[in-house]
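# Survey of secondary and tertiary structure
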Amino acid sequence: MRYYIIAGEASGDLHGSNLMKALRKKDVNADIRFWGGDLMAAAGGHMVKHYKERSFMGFIEVLKNLPKIFNDIALCKKDITNYQPDVIIFIDNSGFNLRIAKWARKQRYRTNYYISPQVWASRAQRVQAIKRDIDAMYVILPFEKAFYKSYNYEVTFVGHPLIDAISERPVIDEYEFRRKHLLSDKPIIALLPGSRKQEITKTLSVMLSVIDHYPNYQFVIAGAPSQDFEFYKPYITNPNVNFVDNKTYDLLSMSMAALVTSGTATLETALFKVPQVVCYKGSNISYQIAKRIITLKYISLVNLIMDKKVVTELIQNDFNPGRLKKELDLILDDHERTKLFLNYYELEKKLGGKGASEKTADLIFKSLQSIGK
């Protein structure tokens, strides 16, 4: 069968690649065409466009790049028409994917969504478009099923794919890792400033502002696969700051604490049982707009899933050197760390165990068989 998959950022590339591997186990002759990244390319199939070419963050950045976005939408529609897939699978990336889904419904393509857009965070009216345009929705956060049910839309909770991605990673030799990346034997505080240039620029300088207070630790920047080392180089001016490229999971597996930009990385850090401070800073205009349309009590997935404050969130003006040092001191304290660990174990239980990619692939394949494809 022909599968057309559309993912739009590093996390979508990861989950898309695991879904592709699972689909090939169900359908050994699967023909897959996709928008994604290097991980999806390694899983096989034909890549139409890399997510690096269309990664924009914030309202202002999107407005500046509207002509390029509209060109990509036109390209995607044309490519789908030429390919004639049996199913289109959307992965998160709502701004782009919901526009394609609306068009695809009118063209009578079968549409599946894996990893829901965050309609529960803002602009919940988008649920009506999802109900109209998506044949099946597979969600990965436990509270999403109840959210959609409140709109009379039945979705399937498949568990979170990060459980698999983390549990299946090979165990590494910490001594060899430190030697290879020129790290000392000091305890590590990991810095995860995000994957997009805009968010890295906004957060990394503040994260680095506290390093002189912690001479007995080493700070290690987790380089994103979407950025080259040259982009990070100006930030690495202190001998107590190191850089590891595209090895975030390995870095987290040996970290004492982490400063993390809000996003999927907050959940990844929690699943590695690393105490963290969640950080967010955007352009003032983008922040003011977001503040008026986002209806959530929290911004980190950890707190949202647990429905309580588990990790501290420093947002916009609260994300400053003074507050950051205060909160980092707390998560380095043994008593606070113990409380965090207990909450992290409860969080993992709520995520539903292993097999999200396999469950989703099985449901998609069986749905195609049932309609005679």
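This text follows the structure it describes.
Residues numbered from 1 in each chain as written. Predicted model: local features only at pLDDT ≥ 70, side-chain atom pairs only at ≥ 80, totals over all residues. Heavy atoms only, no water.

Across its full length, the protein chain holds 18 helices and 13 strands. A globule of 373 residues ought to have a C-alpha radius of gyration of about 21 Å, and the protein chain, at 21 Å, matches this closely. Expressed as a percentage of its 373 residues, the buried residues of the protein chain come to 54%. Restricting the contact set of the protein chain to residue pairs at least 6 apart, pairs at least 24 apart contribute 66%. A total of about 16,900 Å² of accessible surface is found on the protein chain, and carbon and sulfur atoms cover 52% of it. Computing the positive centroid from 53 side-chain charges and the negative centroid from 40, the protein chain places the two 7 Å apart. (Helix = DSSP H or I, 4+ residues; strand = E, 2+ residues; numbered from the N terminus. Rg over C-alpha atoms; globule rule 2.2 N^0.38 Å. Buried < 20%, exposed > 50% of the residue type's maximum accessible area, 1.4 Å probe, protein only. Contact = heavy atoms within 4.5 Å. Areas by Shrake-Rupley, 256 points an atom, 1.4 Å probe, with all protein chains shown as cover. Lys, Arg positive; Asp, Glu negative; His and termini not counted. Charge placed at Lys NZ, Arg CZ, Asp CG, Glu CD.)

Attention now goes to the sheet that holds strand E2 (residues 31-36). Here we have 7 strands laid out as an open sheet, ordered E3-E2-E1-E4-E5-E6-E7, and parallel in their pairing. The open sheet terminates on both sides in strands that have one partner only, identified here as strand E3 (46-50) and strand E7 (156-157). Where helix H7 (residues 142-149) meets the sheet, it contacts strand E6 (136-139) and E7, and its direction lies at approximately 145 degrees from that of E6. (Pairing = 2+ DSSP bridges. Axes fitted to C-alpha atoms, helices over the stretch in contact; angles between N-to-C directions.)

Grouped together as the largest cluster of nonpolar side chains are 124 residues, with contacts concentrated most on Tyr-3, Tyr-114, Tyr-148 and Leu-328. The element contributing the most residues to this core is helix H5 (residues 94-106), with 6 residues. Residues in contact with Tyr-3, not counting those within four places in the same chain, are Leu-23, Asp-27, Ala-30, Asp-31, Ile-32, Arg-33, Tyr-83, Val-87, Ile-89, Ile-364, Phe-365 and Leu-368. (Core = buried A, V, L, I, M, F, W, Y, C linked by side-chain atoms within 4.5 Å.)

This part covers the sheet that holds strand E11 (residues 255-261). Pairing in this open sheet of 6 strands is parallel, and the strands run E10-E9-E8-E11-E12-E13 from one edge to the other. One side of each edge strand has no neighbouring strand; the edge strands of this open sheet are strand E10 (241-245) and strand E13 (312-315). Averaged over all pairs of adjacent strands, the angle between strand axes in this sheet comes to 25 degrees, irrespective of strand direction. Note: E11 against strand E12 (residues 276-280), 4 bridges, orientation parallel. Looking at the pairing, Leu-259 lines up with Val-277 of E12. The sheet strands contacting helix H10 (residues 197-208) are strand E8 (188-192), strand E9 (218-223), E10, E11 and E12, and the helix crosses E11 at an angle near 140 degrees.

The next subject is the pattern of salt bridges. Counted under the stated rule, the structure contains 17 salt bridges. Where Arg-179 meets Glu-176, a salt bridge forms, and the shortest distance between an N and an O atom there is 2.4 Å. Of this pair, Arg-179 and Glu-176 both sit in helix H9 (residues 174-180), 3 residues apart, roughly one helical turn. Two residues, Lys-297 and Asp-307, come together in a salt bridge whose shortest N-O distance is 3.5 Å. Here Lys-297 is found in the loop between helix H14 (284-293) and helix H15 (301-306), whereas its partner Asp-307 is found in the loop between H15 and E13, with 10 residues between them in sequence. Given a relative accessible area of 63%, Lys-297 falls into the exposed group. Asp-307 gets classed as exposed once you look at its relative accessible area, which sits at 53%. (Salt bridge = Lys/Arg side-chain N within 4 Å of Asp/Glu carboxyl O.)

Of the residues making up helix H16 (residues 321-331), those classed as buried are Leu-324, Glu-327, Leu-328 and Ile-331. Buried residues of H16, viewed axially, fall in a sector of 105 degrees; they line one side. Structural note: H16 exposes Gly-322 and Lys-326 on the side pointing more than 90 degrees away from its buried face. N-cap assignment for H16: the residue whose side-chain oxygen lies 3.1 Å from the backbone N of Gly-322 is Asn-320. (Arc of directions from axis to C-beta. Polar contact = N/O pair within 3.5 Å; in protein donor to acceptor, adjacent residues only side chain to side chain.)

A few words now on the packing of aromatic side chains. Aromatic ring pairs: the centre-centre distance and the angle between the two ring planes describe each pair. Overall, the coordinates contain 15 aromatic pairs when judged by the stated rule. For the pair Phe-147 and Tyr-151, a centre-to-centre distance of 5.3 Å together with 55 degrees between the ring planes defines the contact as tilted. The class for Phe-147 is buried, based on a relative accessible area of 16%. Among the residues examined, Tyr-151 registers a relative accessible area of 26% and is labelled partly exposed. Lys-197 extends its terminal NZ or CZ atom over the ring of Phe-231, reaching a point 5.2 Å from the ring centre. (Phe/Tyr/Trp six-rings, centres within 6.5 Å; stacked < 30°, edge-to-face > 60°. Lys NZ or Arg CZ within 6 Å of the ring centre and 35° of its normal.)

This part takes up the layout of surface pockets. Approximately 210 Å³ is the volume attributed to the second largest pocket. If you trace the second largest pocket, you find 13 residues lining it, with Val-310, Val-311, Thr-312, Glu-336 and Leu-340 closest to the centre. Sorting the residues of the lining of the second largest pocket by element identifies H16 and helix H17 (334-350) as the ones contributing at least two each. Considering every element that reaches the lining of the second largest pocket, the biggest residue donor is H17, with 4 residues. (1 Å grid on protein atoms, 1.4 Å probe; cavity = no way out; pocket = protein on both sides within 12 Å on 5 of 7 lines; lining within 4 Å. Points joined across faces, edges and corners; volume = space filled by probe spheres on them.)

Honestly, it's all geometry; don't read function into it.
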